[in-house]
Amino acid sequence: MTNLFPAIGAVAETTEKLPETAVENAQADDDEKPVQEIESLCMRCGEQGVTRLLLTSIPFFKEVVIMSFRCEHCGFQNNEIQQAGSVRPDGIVYTVRVLSREDLDRQLVKSSSCTVIIPEFELTIPATRGQLTTIEGLVRDVVADLSTDQPLRRIENEAAYTKIQSIIDGFKEILADDDDDDDDEEDDDDADEVKAQKASQKDVPMRPFTLRLDDPSGNSFIEFVDSMADPKWNMRTYRRTREQNVALGLVGRDEPEAPAADEAEGEERIGGGLEGENEEIYRFSGTCSSCGHPLDTLIKKVNIPYFKDILIMSTNCDRCGYRDNEVKSGAAISSQGKRITLKVEDKEDLSRDILKSESCGLSIPEIDLVLQPGTLGGRFTTLEGILDQVYEELSEKVFQAHDSQSDGGAFENFLKRLKEVKSAEQPFTVILDDPLANSYLQNLYAPDPDPNMTIEMYDRTWEQNEELGLNDMKVEGYEEDAEKPQTSS
């Protein structure tokens, strides 16, 4: 059976083995030509140009169609990439920390619905045409696009000109191009030789930066190095909002709104605990902490089987996309603390539900990971989800203030080990220590004991009670204290 989408590497090898006449001669058999050519109308001059189509698959990604148009009459050319597969069920966010010049060679696929974000430059590139390039190629395109209208901006809006010029100068420092060659590049016969040396091959210091692709369709991709345990690379999926589904054409604007993704996911996860008194959802009006736009916070009381009642709070801003989910206990304060220890042996354990309260600490001894109480707030997710959040928080915040050369790569090695742990590539131990006993880890054998999990109840120390504010808490006989006359000092 003919493979319509051969791997891009196999296409390159096939092209190299073909005789020149088979590639260049328009009369060659279509079966011998990996690239299909179609006459197309040039929208600039109205003459006939040529569109070349290549059906290929990108390793660890999916099938794509690469299109290249060129008009021999006016010289106009255009390159684009389109997806050959279906829209994925979830949106996706890829994050790469570009810390060295070798990272500029990472290949990326940007679909027509993908937004590119570079936080260090406060730059957001809205969704445009699809593109298959490298990080260096993307940076060069940004410089070219922003430079086009700079002379006009300098006259009309000097403040905008200055801001955009600072971004252009920052990217030019990353590319390390010679300024003397830029002006004469179009007319110089040696322009190709000037561009021959890639930015990744130049031996000059480079400013680190972060590249993030946010694609609601899930059809974008950034290359990782060696494996998905690459410490500079991270992938996160998310549920699309209704507005994103409408923009992708998956839902009609007038169709009734489906249940919120987080709510539906929570209902599916905890099953029969949603009956009776727990069905009511409370709505509280407020403002978005990110953009100040009015929004509603939804609160639902849920009973977790073999545990207790909890309150799930969900905030979602339709204006700026800010989302936050938090969990708080809906029961009385426990008289003892709880320590849960789980031996994770395979990927099945990563799907266990986990409730980490605000007062709970989390540790993984095998990789020397210790999260103090309060880190990440209250979260109700899976074990894989909590590890993803830990990785994202550490890589995003610590890399920004981290010099990769100062510790000999120790922190990058730690992140690599953390990625191996969250992929269950090696056995590890998860310890949840909650003085208020408000945390939970799913028992797959309930109501029978779980052979891989131990639960220990312990008495809180005076220091723990003091930190939690329990030593001065009085829940009985407080009426007498209120009736006592206050003595004036």
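The model shown is predicted, which means the values in this text are computed figures rather than measured ones.

1. A closer look at the overall build of the chain
Helix and strand counts for the chain come out as 13 helices and 24 strands. Residues counted as buried form 38% of the 489 residues belonging to the chain. In the chain, of all internal contacts separated by at least 6 residues, the share reaching a separation of at least 24 is 63%.

2. Notes on the sheet that holds strand β12 (residues 233-238)
Pairing is antiparallel across the open sheet formed by five strands, whose spatial order is β8-β7-β10-β5-β12. On the outer flanks of this sheet lie β8 (123-125) and β12, each paired with one strand and no other. If you compare each strand with its neighbour and ignore which way they point, the axes differ by 15° on average. Judged from the six bridges that link them, strand β5 (residues 91-98) and β12 form a sheet pairing that is antiparallel. Across the sheet, isoleucine 92 pairs through a bridge with threonine 237, a residue of β12.

3. Things to note about the sheet that holds strand β11 (residues 221-222)
The strand order across the open sheet formed by three strands is β9-β6-β11, and the pairing between neighbours is antiparallel. A single partner strand is all that each edge strand has here, and the edge strands are β9 (131-134) and β11. Across the sheet, helix α3 (residues 135-148) touches β6 (107-110) and β9, and the angle it forms with β9 is around 105°.

4. Topic: the pairing of strand β7 (residues 115-118)
The two faces of β7 differ: Val116 and Ile118 on one face are buried, but Thr115 and Ile117 on the other face are not. One ladder, built from three bridges, connects β7 with strand β10 (residues 209-215); its direction is antiparallel. Paired with threonine 115 across the strands is aspartate 214, a residue of β10. With antiparallel pairing between neighbouring strands as the criterion, β7 and β8 make up a hairpin whose turn holds four residues, including glutamate 122 at a positive phi of roughly 50°.

5. Some details on the packing of α3 against helix α5 (residues 158-175)
One can describe the packing of α3 onto α5 by two numbers: an axis separation of 10 Å at closest approach and a directional angle of 145°. Once α3 is placed against α5, the crossing between them reads as left-handed. Across the interface between the two elements, Glu136, Val139, Arg140, Val142, Val143, Leu146 and Ser147 of α3 pack against Ile164, Ile167, Ile168, Phe171, Lys172 and Leu175 of α5. Taken together, the residues of the contact of α3 with α5 sort by class into nine nonpolar, one polar and three charged.

6. A look at the environment of threonine 297
Structurally, threonine 297 is set in strand β14 (residues 294-303). Taking C-alpha positions, threonine 297 is 5.7 Å from serine 314, a pair spaced 17 residues apart along the chain. Setting aside chain neighbours within four positions, we find threonine 297 in contact with Tyr282, Arg283, Phe284, Met313, Ser314 and Thr315. Within polar-contact distance, the side chain of threonine 297 engages the side chain of threonine 315 at 3.1 Å.

7. Examining unusual backbone geometry
With omega at 5°, the peptide bond leading from alanine 446 into proline 447 counts as cis. Here proline 447 lies in the loop between β23 (440-441) and β24 (453-458). Not every positive phi belongs to a glycine, and leucine 376 is a case in point at roughly 70°. By the element assignment, leucine 376 lies in the loop between β20 (369-371) and β21 (379-382). Looking at leucine 376, the relative accessible area reads 18%, which means it is buried.

8. Points about the nonpolar core
Residues Leu104, Phe121, Ile135, Phe171, Phe209, Leu211 and Ile222 are the most contacted members of the largest nonpolar core, which totals 34 residues. Put simply, the parts of the chain that give this core at least two residues each are β5, β6, β7, β8, α3, α5, β10 and β11. The contact partners of isoleucine 222, leaving out residues within four places of it in the chain, are Tyr94, Val96, Gln107, Leu108, Leu211, Leu213 and Trp233. Formed by 28 residues, the second largest nonpolar core is a distinct cluster that contains Leu350, Ile354, Cys360 and Tyr391.

9. Considering α3
Taking 1.5 Å of rise per residue, 14 residues should cover 20 Å, and α3 covers 20 Å from first to last C-alpha, within 8% of that figure. Taken together, the buried positions of α3 are Ile135, Glu136, Gly137, Leu138, Val139, Val142, Val143 and Leu146.

10. Some remarks on the pattern of salt bridges
Between side chains of opposite charge, a pair can form when the charged atoms approach closely. In total, this model carries 15 salt bridges according to the counting rule given. Here glutamate 72 ties to arginine 70 by a salt bridge, and the two come within 3.6 Å at their closest N and O atoms. Assessed through its relative accessible area of 33%, arginine 70 is described here as partly exposed. A salt bridge links arginine 239 to aspartate 90; its shortest N-O distance comes to 3.4 Å.

11. A word on the side chain of threonine 210
With respect to the helices and strands, threonine 210 occurs in strand β10. At 3.3 Å, the side chain of threonine 210 and the side chain of arginine 97 are in polar contact. Of note is the side chain of threonine 210, whose polar atom sits 2.8 Å from the side chain of glutamate 120. Sequence-distant contacts of threonine 210, defined by excluding residues within four places in its chain, comprise Thr95, Val96, Arg97, Ile117, Ile118, Pro119 and Glu120.

12. What about the state of the cysteines?
Cysteine pairs can be covalently joined through their sulfur atoms, and such a bond is termed a disulfide. The full count for this structure, using the stated rule, is zero disulfides. Cysteine 74 carries a free sulfur, and the closest cysteine sulfur to it, the one in cysteine 42, is 3.7 Å from it.

13. Some remarks on the confidence of the model for the chain
Per-residue confidence for the chain gives a mean pLDDT of 78; residues scoring 70 or more make up 74%. Within the model, pLDDT remains below 50 along residues 20-28, and this stretch shows ten contacts once partners closer than five positions in the same chain are excluded. Under a pLDDT of 50 for its full length, residues 260-277 has, in the predicted model, 20 contacts with residues more than four places off or in other chains.

Calculation rules
Residues numbered from 1 in each chain as written. Predicted model: local features only at pLDDT ≥ 70, side-chain atom pairs only at ≥ 80, totals over all residues. Heavy atoms only, no water. Helix = DSSP H or I, 4+ residues; strand = E, 2+ residues; numbered from the N terminus. Buried < 20%, exposed > 50% of the residue type's maximum accessible area, 1.4 Å probe, protein only. Contact = heavy atoms within 4.5 Å. Pairing = 2+ DSSP bridges. Axes fitted to C-alpha atoms, helices over the stretch in contact; angles between N-to-C directions. Left-handed = near helix turned anticlockwise from the far one by under 90°. Nonpolar A, V, L, I, M, F, W, Y, C, P; charged D, E, K, R; others polar. Polar contact = N/O pair within 3.5 Å; in protein donor to acceptor, adjacent residues only side chain to side chain. Core = buried A, V, L, I, M, F, W, Y, C linked by side-chain atoms within 4.5 Å. Expected span 1.5 Å × (residues − 1). Salt bridge = Lys/Arg side-chain N within 4 Å of Asp/Glu carboxyl O. Disulfide = S-S within 2.5 Å. pLDDT = per-residue confidence, 0-100.

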